[in-house]
Amino acid sequence: MTVPSLKYVITKDFDVVNGKCTIEISSSGRSSDSTFNMLQTDEQFSFNEIPELDAYGKSIPYYCEVTVTKDHMWTVDYKIYDLKTGKLFDSHTGE
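Source: prediction; values computed, not measured. (Residues numbered from 1 in each chain as written. Predicted model: local features only at pLDDT ≥ 70, side-chain atom pairs only at ≥ 80, totals over all residues. Heavy atoms only, no water.)

Novice: Honestly, the packing of aromatic side chains in this entry has me stumped. Any pointers?
Specialist: Each aromatic ring pair is described using two quantities: the centre-to-centre distance and the angle formed by the ring planes. Counted according to the given criterion, the structure contains 5 aromatic pairs. Plain terms: the ring middles of Y63 and Y81 are 6.0 Å apart, the flat faces sit at 55 degrees to each other, and that makes the pair tilted. Of this pair, Y63 sits in strand β4 (residues 57–69) while Y81 sits in strand β5 (residues 75–81), and the two are 18 residues apart along the sequence. The class for Y63 is partly exposed, based on a relative accessible area of 27%. Ring pairing ties together the aromatic residues F36, F47 and Y78, which thus form one cluster. (Phe/Tyr/Trp six-rings, centres within 6.5 Å; stacked < 30°, edge-to-face > 60°. Helix = DSSP H or I, 4+ residues; strand = E, 2+ residues; numbered from the N terminus. Buried < 20%, exposed > 50% of the residue type's maximum accessible area, 1.4 Å probe, protein only.)

In structure tokens form, the structure reads like this:
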């Protein structure tokens, strides 16, 4: 974490990056994490937990809202929606 990121976390100065995304899961040893690939902005955001979804990967698009610090260096939370219906599939709050 960088000093500017820490400042944004303390002051709760966040951005929400939203749009079409894909989610990839990677595992190493006993730990797994998820990477949200935001297709419109070409940004990637990682989380230490695995969202509860039926399918993952580059070919499965969702609509995602990812809350990040203003400098986009630290992830706070996410929401994953069905791309067609807008139904909320999963969310994680950073609290």
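Novice: Would you mind showing me how to read the nonpolar core here?
Specialist: Generally speaking, nonpolar side chains in soluble globular proteins are found buried as a group. I23, F36, C64, V66 and I80 are the most contacted members of the largest nonpolar core, which has 14 residues in total. Of all the secondary-structure elements, those providing two or more residues to this core are β1 (14–28), β2 (31–38), β3 (43–47), β4 and β5. Tallying contributions element by element places β4 first for this core, with 4 residues. Discounting chain neighbours no more than four positions away, the residues touching V66 are D15, V16, V17, F36, M38, F45, F47, D77 and Y78. (Core = buried A, V, L, I, M, F, W, Y, C linked by side-chain atoms within 4.5 Å. Contact = heavy atoms within 4.5 Å.)

Novice: Help me understand the sheet that holds strand β6 (residues 88–92) in this model?
Specialist: Within a sheet, each strand pairs with its neighbour through backbone hydrogen bonds, oriented either parallel or antiparallel. The strand order across the open sheet built from 6 strands is β3-β2-β1-β4-β5-β6, with neighbouring strands paired in antiparallel fashion. Each having just a single partner strand, β3 and β6 make up the two edges of the open sheet. Averaged over all adjacent pairs, the angle separating strand axes in this sheet is 35 degrees, with direction ignored. In this sheet, β3 lies alongside β2 in antiparallel orientation, the contact comprising 5 bridges. Bridge pairing in β3 links F36 to F45. (Pairing = 2+ DSSP bridges. Axes fitted to C-alpha atoms, helices over the stretch in contact; angles between N-to-C directions.)

Novice: I keep staring at the pairing of β2 and nothing clicks. Help me out?
Specialist: Every other side chain in a regular strand lies on the same face of the sheet, so the side chains alternate between the two faces. In terms of strand pairing, β1 meets β2 through 8 bridges, oriented antiparallel. Its bridge partner being in β2, C21 is matched across the sheet by M38. Counted along the chain from β1 to the antiparallel partner β2, the turn is 2 residues long, and its residue G29 has a positive phi close to 65 degrees.

Novice: Looking at this structure, I do not really get the side chain of D90. What am I missing?
Specialist: Locating D90 in the fold gives a position in strand β6. When neighbours within four sequence positions are excluded, D90 is seen to be in contact with P51, E52, Y78, K79 and I80.

Novice: What am I meant to see in the state of the cysteines here?
Specialist: Throughout this description, disulfide means a covalent bond between two cysteine sulfur atoms. In total, this model carries 1 disulfide according to the counting rule given. A disulfide bridge connects C21 with C64, and the sulfur atoms are separated by 1.8 Å. Of this pair, C21 sits in strand β1 while C64 sits in strand β4, and the two are 43 residues apart along the sequence. Exposure class is identical for C21 and C64. Each is buried. (Disulfide = S-S within 2.5 Å.)

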